[in-house]
Amino acid sequence: MEKELNNQQNSLTENETKNHHQTYDSPFSRRIKKSTRVKESIIKYFFVLNGTAALIFIILIFIFLFKEGFKAVEHIGLVDFIYHSRLLDDGTFKRVFEWYPTSEDARYSLVPLILGTLLTSIPATIISTFFGVGAGIYLSEIANPKAKEILKPIIELFAGIPTVVLGFIMLVVGASFFNDLFNPTNRLNAFIAAIGLSFVVIPVIASLTEDALHSIPNDLRMASYGMGATKWQTISRVILPAAFSGVSASILLGFGRAVGETMIVLMAAGNAANISTNIFQSVRTMTATIAAEMGEVSQGSDHYYSLFFIGIVLFSITFLLNLIAEIIINKMRKKNTF
Amino acid sequence: MSELQLKKKDITGFIFINLTRLLFLFLLAVLALVLAKIIIEGIGIISPEFIFSSPKNNMTEGGIFPAIFGTVAVTFIMILLSLPLGVSSAIYLNEYAKDTFFTRIIRTAVNNLAGVPSIVFGLFGLGFFILFLGRKMDEVLQTGLLFGQPAIIWASATLAVLVLPIIIVSTLEALNSVPKSHRDASYGLGATKWQTIKNVVLPQARPGILTGTILAISRGAGETAPVLFLGAAFFLPNLPVVDLCIGNYCIPMINPGEQFMYLAYHIFILATQSSNPTKTLPIQYGSTLVLITLTFLLNITAIIFRYRFRKILGRL
């Protein structure tokens, strides 16, 4: 086989010397050596295989979360993830919403955990929307180009702070600082965690808002100025409405980050699975529950599977948020390309 | 109308524009305060001894060298796994794939992978790499319980999946910025597609790929949640090193089958789970300072690289 190929190549080199202008190997011509063609297509399929890596991993994450998580549904039942029916002395049932998987009468209600997640991530998103959108507007519309060149990387550095550092700072400094200000019920509470989360979410919202505003064609600004509008009128009545979908996508993505963040809430939210809407009380989020309990649980127990079930819930929420944000961003891109 | 009159009329505009300016300044001030606090509290303990020695006395004294070593080892193997995969994935998407439904799904998958919570990656690493892949390898190779337990290799593999989108996206950007005319010129000279990619496209995209690599390392080194149950250890008396011997020559190598200490995890356990968190506070600040210096240096390098890269491209 090799000999044949060599012969072929030899004959080709002979041809080349005769009339070399016909033997250029361009991908568009049919005059390509067979060995080259085989090699090229092997390389191509190698890249195709690698190209699907991200898709394969997303599918694998799906499969392996569901594989373990569905055992929890089988063993415990879907209803028990919402409430636990406790038999009272007088023979009636009472619905308890508690996360208490280690007790003998194990309770697996996700309600306090979901409440904890919302109680930390929603305030964080509100704070971050205020600061993030403001910073995005400043970067895209107000700062002069030279300042922007320095300030944008600073936002990126901001985003690069490891979350464990933010959790640590909130734990040792932030908690005492805000305790003096608000006198909360618990020293570590949802509010402290929300402040910590804002550090993560603000850069996300700021940089995506900046992108969205930046992608608005300059013609719109010029037209607005031409009609006598001031800078702020242009920003508030022309640019922001035009970039509305992009800005809202950035807020969605920021919210997704807040829901999925682990270390900050694990260190600063107090980790008590309370049912409460008081922001100054300790809460326990879904992510913190997985992080805190996975290390101690015995593999194959109901508790173990239920942690994977929490993983499914988390994954589904963030997956949906990301998908919606991406659809919005894609639509915006289509609209903005004239 | 003069400039002055315009400004006078637009009082709300004046207020709001300065409000965004103030917001931004406030953010910078908070960031500076946090950094200053870490530096002031942490700088006192930083010494060669702190960086190059092991923890002593139930972790209340001594240094953090094993944690630094573990972080370097894990991120090193992580980048070995994820760089080839990410770069070739981006090559497929940018050079070979046409804009079909399938490739759009892949792009969506890349974006979605970037948004998966890091703790879910931890679950995935445990469920897939350790309990499925590792245990299956043990079964097939008859090695007892060697692969099916938390170890450096599985933590690296999981982090490799986590940073894959970063590498893919930055490589895509770099490949995309190589002008089509360069590719056409290469084809015109008789090069095949692979020759063109290898000799024309990739060399030009190298700074962009390097930027992605550095960002990925910095992200991997800062992650804590995924390694929580993938082999990050509270304290290890020995470094995860094994001597690889060929004949009489022995080279110390990272042992990918062992557990490891991790700088980010080290901060977490010292602050929340050690016996005396107040006594170890200086060590916590010191470790934080080391970690944040590491990630900042990496990020700044990446930013400078990208800035230069874009500047060069701007001239083309």
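Residues numbered from 1 in each chain as written. Chains lettered and ligands numbered in written order. Predicted model: local features only at pLDDT ≥ 70, side-chain atom pairs only at ≥ 80, totals over all residues.

Peer 1: Would you explain the overall build of chain A in this entry?
Peer 2: Within chain A, the secondary structure is distributed over 13 helices and four strands. When burial is assessed residue by residue, chain A has 44% of its 338 residues classed as buried. Long-range contacts, defined here as pairs at least 24 residues apart, represent 75% of the contacts in chain A between residues at least 6 apart. (Helix = DSSP H or I, 4+ residues; strand = E, 2+ residues; numbered from the N terminus. Buried ≥ 20, exposed ≤ 12 C-beta atoms within 10 Å, placed from the backbone. Contact = placed C-beta atoms within 7 Å.)

Peer 1: So what exactly am I meant to see when it comes to the overall build of chain B here?
Peer 2: Broken down by element type, chain B carries eleven helices and four strands. Dimensions of chain B, computed from the C-alpha atoms along their principal axes, are close to 75 × 60 × 35 Å. Across the 316 residues of chain B, 46% fall into the buried class. Relative to all contacts within chain B whose residues are 6 or more apart in sequence, the contacts with residues 24 or more apart total 76%.

Peer 1: What am I meant to see in the environment of Ser47(B) here?
Peer 2: Relative to the helices and strands, Ser47(B) resides in the loop between α2 (11-43) and α3 (48-52). Counting along the chain gives 239 residues from Ser47(B) to Gly286(B), while the straight-line C-alpha distance between them is 9.6 Å.

Peer 1: What should I look at first to understand the interface of chain A and chain B in this one?
Peer 2: It is common to give the size of an interface as the accessible area that goes away when the parts come together. Across the contact, 68 residues belong to chain A and 70 residues belong to chain B. It is helix α3 (residues 53-76) of chain A that provides the largest number of residues to the side of chain A that touches chain B, a total of eleven residues. Partitioning the side of chain A that touches chain B into residue classes produces 43 nonpolar, 17 polar and eight charged. (Nonpolar A, V, L, I, M, F, W, Y, C, P; charged D, E, K, R; others polar.)

Peer 1: Just checking my understanding: could you explain the domain arrangement of chain A for this structure?
Peer 2: Residues and elements named next belong to chain A. Annotation of chain A at the domain level lists domain 1 (33-76), domain 2 (78-109) and domain 3 (111-336). Once you take the C-alpha centre of each, domain 1 and domain 3 turn out to be 31 Å apart. Taken together, the contact pairs ten residues of domain 1 with eight residues of domain 3. Classifying every residue of the side of domain 1 that touches domain 3 gives six nonpolar, two polar and two charged. (Domains from an automatic or database assignment.)

Peer 1: Got a minute to help me understand the nonpolar core in this structure?
Peer 2: The nonpolar side chains of a soluble globular protein tend to be buried, and buried together. By size, the foremost hydrophobic cluster in this structure holds 183 residues, and its most contacted members are Ala54(A), Met170(A), Ile264(A), Ala268(A), Leu164(B) and Tyr262(B). Discounting residues that sit within four places of it in the chain, Leu164(B) has contacts with Ala53(A), Ala54(A), Phe57(A), Ser82(B), Leu85(B), Gly86(B) and Leu113(B). (Core = buried A, V, L, I, M, F, W, Y, C linked by C-beta atoms within 7 Å.)

Peer 1: Mind showing me how you'd approach the packing of helix α5 (residues 145-159) of chain A against helix α7 (residues 190-214) of chain A here?
Peer 2: The packing of two helices is summarised by the inter-axis angle and the distance between the axes. Residue and element names in this part refer to chain A. One way to put it is that α5 packs onto α7 with a least axis distance of 8 Å and a crossing angle of 145 degrees. Crossing angle aside, the handedness with which α5 passes α7 is left-handed. For the pair α5 and α7, contact is made by Ile155, Phe158 and Ala159 and by Pro203, Val204, Ala206 and Ser207, respectively. Across the contact of α5 with α7, the residue classes break down as six nonpolar, one polar and no charged. (Axes fitted to C-alpha atoms, helices over the stretch in contact; angles between N-to-C directions. Left-handed = near helix turned anticlockwise from the far one by under 90°.)

Peer 1: Please explain helix α9 (residues 231-242) of chain A as it appears in this structure.
Peer 2: Since the α-helix turns once every 3.6 residues, residues separated by three or four places project in the same direction. With twelve residues, α9(A) extends 15 Å from end C-alpha to end C-alpha; this agrees with the ideal 16 Å at 1.5 Å per step. All of the buried residues along α9(A) are Trp232(A), Thr234(A), Ile235(A) and Ala242(A). Down the axis of α9(A), the buried set is contained in an arc of 140 degrees. They therefore lie on one face. Facing away from the buried side of α9(A), by more than 90 degrees, are the exposed residues Arg237(A) and Pro241(A). Against α4 (111-142) and α8 (218-226) of chain A together with α2 of chain B lie the buried residues of α9(A). (Expected span 1.5 Å × (residues − 1). Arc of directions from axis to C-beta.)

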